[in-house]
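Observations on chain architecture
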Amino acid sequence: MVKVTIDGIEIEIPKGTTVIQAAEQAGIEIPRYCYHPGLSIVGVCRICLVEIERMPKLQVACYTPATEGMVVHTNTEQVLEARQAVMEFLLVNHPLDCPVCDQAGECWLQNFYMQHALHDSRMFENKVKKSKALQIGPNVMLDSERCILCSRCVRFCDEISKSNELGIFNRGDRAELQPYPGTELDNDYSGNTIDICPVGALTDRDFRFRTRVWYLSETESICPGCSTGCNINVHHNDQRTYKAGGSRVSRLKPRYNPDVNEWWMCDAGRYGFTHVDADSRILAPTRSIGEEQEMSWGEAASEIMTKLREVISVHGKESVGVILSPQMTNEDLFVARRFFRDGLGLKHIDFEVAPLTTGAKDDFLIKADKNPNTAGARLLGVGARQGSGMTVAEMLEAARKRKLRALYICHHDLANGFAVDVVEEALTAQDLVVFQGPNTNSTSALAHYVLPAAAFVEKTGSFTNYAERVQMIHTAVTPLGESKADWQIFRSLAKEAAISVPYFEAEDVFQALTAEVEAFSGLPYAGLAGQGIALRDGQALPESETVVA
Amino acid sequence: MINVHDKHKPLTFIEKTYLPAIVSGVLLTSRHFFVNLTRHILRAFGVKLKNMAAVTIQYPEFLRPLFPRLRTMHRLTRREDGTPRCVACMMCETVCPAKCIYIIADEKLENPQIEKMPRSFDIDLGLCVFCGYCVEACPEDAIRMDTGILEISNYTRNGMILDLETMLSLEPMSSRYVQYDRGGEVVSADYIDERHRSDA
């Protein structure tokens with residue numbers, strides 16, 4: 001440990017810490033472009049210059065290790081002047097068409113100009129022209145003129161994605177960021193280069209020009225794309241609903257969590273939210289016997305419960321199969337368990353449908369299991385492997401032989417896990433098939449009743465990731481049409497069946513869950529927000545440590 | 001602390017009779033009547049006065065001249081090749097206090113120097129408050145409120161929405177109709193004729 005003094009604040013830090021990191025710990029912000037905590041240090045942008053006593057010149061805070069007794073000043077006249085000079089230098093060839101640039105509003109050049117520079121341009125020379133609107137990959141658009149050559153993206157491709165696509169070519173004011181000849185920026189993590197680009201050089205082809213960033217609101221959530229459960233922020237457009245064809249969710253951005261995804265997320269997750277605003281969304285409870293007919297929630301619940309009771313009274317409890325989904329939150333699954341298993345006394349409950357084609361995976365963030373809550377469902381014991389009922393495959397076989405007479409299917413497109421004719425044969429042999437989910441699919445097309453469930457951005461709840469870390473999703477936008485969170489749907493069915501589900505908020509469900517389920521016992525609800533809580537540690541962390549912004 | 005004053009003081013007995021208010025109203029109206037009468041008579045005898053008498057303009061046959069800085073219906077300016085100057089930066093949309101501007105942007109791939117252009121640009125004149133902030137916010141001088149069109153009415157709410165093509169086709173009001181005339185003189189007759197012709 002070494003002691004340093006930064007702007008009069010004395011702090012103790014481990015040896016090897018750089019000045020910029022030490023300042024961060026002391027709560028002092030030093031501007032930076034090239035420095036990124038997740039990447040190697042190069043010290044090329046020079047904006048982080050600070051004054052260190054007994055050193056002849058200003059030093060870059062990002063590359064200078066803090067040593068014992070060091071005294072650092074970050075806002076002396078000399079430092080401020082140097083910062084302004086660096087800003088002026090960076091802006092020599094940077095185009096000043098901020099209104100057109102898609103980065104405007106979240107651009108570090110804009111921010112630091114307002115905070116540290118505010119100079120008038122002294123340049124009479126023409127700005128150097130470089131290539132604009134270059135599609136360097138399936139997701140990324142490059143504008144070389146706007147690039148300040150901080151090399152963050154180059155380092156990302158070298159160190160994190162390890163795909164080495166980008167390089168900086170030529171020298172002086174002709175230096176230019178480009179993909180290596182014959183390659184394009186096409187890796188599983190290419191979207192992260194857009195996040196770390198401090199200026200408008202790398203922009204998102206999917207997001208570009210669809211809206212403006214200052215129209216967006218931000219809600220913390222968890223990526224539902226695979227069992228890693230990367231922490232994300234959902235950026236949604238609540239005010240200008242006519243933008244981007246009316247899609248409410250504009251983009252997903254990774255959120256820092258040192259234990260899960262650090263600063264990154266994969267492209268599959270980043271661009272995998274389109275189903276939220278797709279035309280395939282189910283908007284109202286629908287009866288599809290004969291003619292398709294929309295109905296109210298009350299009607300739907302009472303009709304489904306009447307038919308279900310009929311099946312149970314004639315053929316017994318063994319004749320009903322329930323297929324839950326690992327796409328559902330812990331809360332959804334807990335209420336489902338309470339309703340189907342404890343309330344109705346059904347035996348055949350499962351959630352696992354192994355996909356016909358195994359999902360892609362790597363040794364970084366992408367997991368083969370494309371469901372966010374498989375671990376949660378296992379811990380809640382709602383699978384056939386945890387209980388004694390039939391697996392989904394056995395259920396379909398039994399359904400074909402008419403040993404099962406009713407199937408309640410949540411979210412799954414069974415065609416992903418079984419041959420189409422197997423599914424069709426099984427479902428058409430049923431007296432009652434209920435499908436509940438956010439989007440239509442080949443399974444919902446065969447159901448007698450289709451119930452609209454809220455998508456992951458429309459509900460509050462928690463997912464348990466592959467490492468058994470419980471993390472929260474929050475409601476970002478209101479549910480589309482008549483859709484409701486899955487546990488609310490089960491609640492309204494339970495009400496018809498006179499089964500007590502005394503919960504009004506997702507929090508109530510979670511409290512009941514922690515009280516009832518061994519694996520989750522003692523989890524503080526307030527601690528879930530932010531970084532989540534790992535169950536593997538054996539016990540929940542003390543509350544003070546778990547509440548992180 | 002916020003101090004709230006009761007602006008509604010109770011009326012005194014005299015005020016409650018309303019007679020003083022009636023008398024002062026009658027006096028005001030009479031003053032205007034006699035001042036105008038005197039000025040018109042003097043003018044009839046050829047006496048030029050600095051202040052003119054009140055004149056009734058026979059609208060819509062006759063129109064008052066428009067002041068050059070008057071904010072009238074919006075138009076979008078064009079580049080030399082006829083494409084809109086607008087780069088769909090949405091500054092006007094952002095600054096608009098009535099939230100009556102709706103822009104959907106498009107990528108201008110054929111010219112990466114311009115990069116961005118509007119796919120649609122709608123202004124709902126039914127909501128517009130004619131503050132002129134959009135003109136001021138525009139970094140490209142792409143939107144102006146100088147068409148001189150004041151008569152904006154429609155039978156439907158949707159009819160009040162100006163679209164991109166309409167706004168691009170509008171021209172600035174001709175300088176002939178823009179005159180700073182304190183005299184309250186009516187505009188020349190050929191302007192009126194022209195308007196009638198274009199209506200027909």
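The structure this text deals with has already been given above.
Residues numbered from 1 in each chain as written. Chains lettered and ligands numbered in written order. Predicted model: local features only at pLDDT ≥ 70, side-chain atom pairs only at ≥ 80, totals over all residues. Heavy atoms only, no water.

Quick notes on the nonpolar core
Residues and elements named next belong to chain A. What counts, and what does not: Joining through side-chain atoms within 4.5 Å is the link that ties buried Ala, Val, Leu, Ile, Met, Phe, Trp, Tyr and Cys residues into a set, and such a set is a nonpolar core. Using a 1.4 Å probe on the protein chains alone, a residue whose accessible area is under 20% of its type maximum counts as buried, one over 50% counts as exposed, and one in between counts as partly exposed. The helix count covers DSSP runs of H or I at least four residues long, the strand count covers runs of E at least two residues long, and both are numbered beginning at the N terminus. The contact criterion used is simple: two residues touch if any of their non-hydrogen atoms lie within 4.5 Å.
Counting residues in each nonpolar core, the largest one holds 82 residues, and the members touching the most others are Tyr 33 and Leu 109. With 5 residues, the top contributor of residues to this core is helix H2 (residues 77–90). Excluding its chain neighbours within four sequence positions, the residues that come into contact with Tyr 33 are Cys 45, Ile 47, Met 87, Leu 90, Trp 108, Leu 109, Phe 112, Ile 148, Cys 150, Arg 152 and Pro 198. Among the nonpolar cores identified, the runner-up in size contains 58 residues, and Val 311, Ala 377, Leu 513 and Leu 528 belong to it.

With respect to helix H7 (residues 297–315) of chain A
Residue and element names in this part refer to chain A. We apply this condition: By definition here, a helix of n residues has an expected span of 1.5 Å times n minus one.
With 19 residues, H7 ought to run about 27 Å at 1.5 Å a step, and its terminal C-alpha atoms sit 27 Å apart, in line with that. Contact partners of the buried residues in H7: strand S16 (320–323), helix H8 (330–343), strand S18 (406–410), strand S19 (432–437), strand S20 (449–452) and helix H12 (486–496). Phi turns positive, to about 90°, at Gly 316, one or two residues after H7.

Brief notes about the sheet that holds strand S10 (residues 202–204) of chain A
Residue and element names in this part refer to chain A. To be explicit about the condition: DSSP-based pairing: two strands are paired if at least 2 bridges between them are found.
Here we have 3 strands laid out as an open sheet, ordered S6-S7-S10, and antiparallel in their pairing. Among the strands making up the open sheet, the edge pair consists of strand S6 (134–135) and S10. In terms of strand pairing, S6 meets strand S7 (residues 140–142) through 2 bridges, oriented antiparallel. When the sheet's bridge partners are listed, Gln 135 is paired in S7 with Met 141.

Some details on the environment of A:Ser325
Residue and element names in this part refer to chain A. Counted only if it meets this: Any pair of N or O atoms that falls within 3.5 Å is considered a polar contact. Within protein, one atom must be able to donate a hydrogen and the other to accept it, and sequence-neighbouring residues count only if both atoms are side-chain atoms.
Position of Ser 325 relative to the elements: it lies in the loop between S16 and H8. Beyond its immediate sequence surroundings of up to four residues, Ser 325 is in contact with Leu 333, Phe 351, Cys 410, His 411 and His 412. Reaching out from Ser 325, the side chain makes a polar contact with the backbone nitrogen of Gln 327 at a distance of 2.9 Å.

Here's the deal with the pairing of strand S22 (residues 469–473) of chain A
All names here are of chain A. With respect to burial, S22 is a largely interior element, 5 of its 5 residues being buried. One ladder, built from 4 bridges, connects strand S21 (residues 461–464) with S22; its direction is antiparallel. Each bridged residue has a counterpart across the sheet, and for Phe 463 the counterpart in S22 is Gln 471. Relative to strand S23 (residues 533–534), S22 runs antiparallel, the two being bridged by 2 bridges. Note that in S23 the partner of Arg 469 across the bridge is Ala 534.

Quick look at the packing of aromatic side chains
Residues and elements named next belong to chain A. Condition: Only the six-membered ring of Trp is used, alongside the rings of Phe and Tyr, when aromatic pairs are assigned; centres must lie within 6.5 Å, and planes under 30 degrees apart are stacked while those over 60 apart are edge-to-face, with the rest tilted. The rule for a charge over a ring is simple: NZ of Lys or CZ of Arg within 6 Å of the ring centre, and within 35 degrees of the ring normal.
By the definition in use, this model includes 16 aromatic pairs over all chains. Seen in terms of ring centroids, Trp 108 and Phe 112 are 5.9 Å apart; in terms of plane orientation they differ by 75°. Their pairing is edge-to-face. One end of the pair is Trp 108 and the other is Phe 112, both in helix H3 (residues 108–117) and 4 residues apart, which spans about a single turn. A network of ring pairs unites the aromatic residues Phe 156, Tyr 256, Trp 263 and Trp 264 as a single cluster. If you follow Lys 367 out to its NZ or CZ, it ends over the ring of Tyr 466, 4.4 Å from the centre. Over the ring of Trp 297 we find Lys 484; its NZ or CZ atom is 4.6 Å from the centre of that ring.

Comments concerning the interface of chain B and chain A
Rule in force here: Buried surface area refers to the total accessible area, computed with a probe of radius 1.4 Å, that the two partners give up upon joining, counted for both partners together. By convention in these notes, a salt bridge is any Lys or Arg side-chain nitrogen within 4 Å of a carboxyl oxygen on Asp or Glu.
Of the residues lining the interface, 21 residues belong to chain B; the matching set on chain A comes to 18 residues. Of the roughly 1,700 Å² buried between chain B and chain A on both sides combined, carbon and sulfur atoms contribute 56%. A per-residue breakdown of the area chain B buries against chain A is headed by B:Gln113, B:Glu115 and B:Lys116, which together make up 29% of the total. Our count for the chain B to chain A interface comes out at 4 salt bridges. Linking B:Glu115 and A:Arg146 is a salt bridge whose minimum nitrogen-to-oxygen distance equals 3.1 Å. At the junction of chain B with chain A, the criterion picks out 12 residue pairs in polar contact (both at pLDDT 80 or more). Going through the elements one at a time, helix H3 (91–95), strand S2 (101–108) and strand S3 (115–124) of chain B are the ones with two or more residues in the side of chain B that touches chain A. In terms of residues, the side of chain B that touches chain A owes the most to one element, S2(B), which gives 7 residues.

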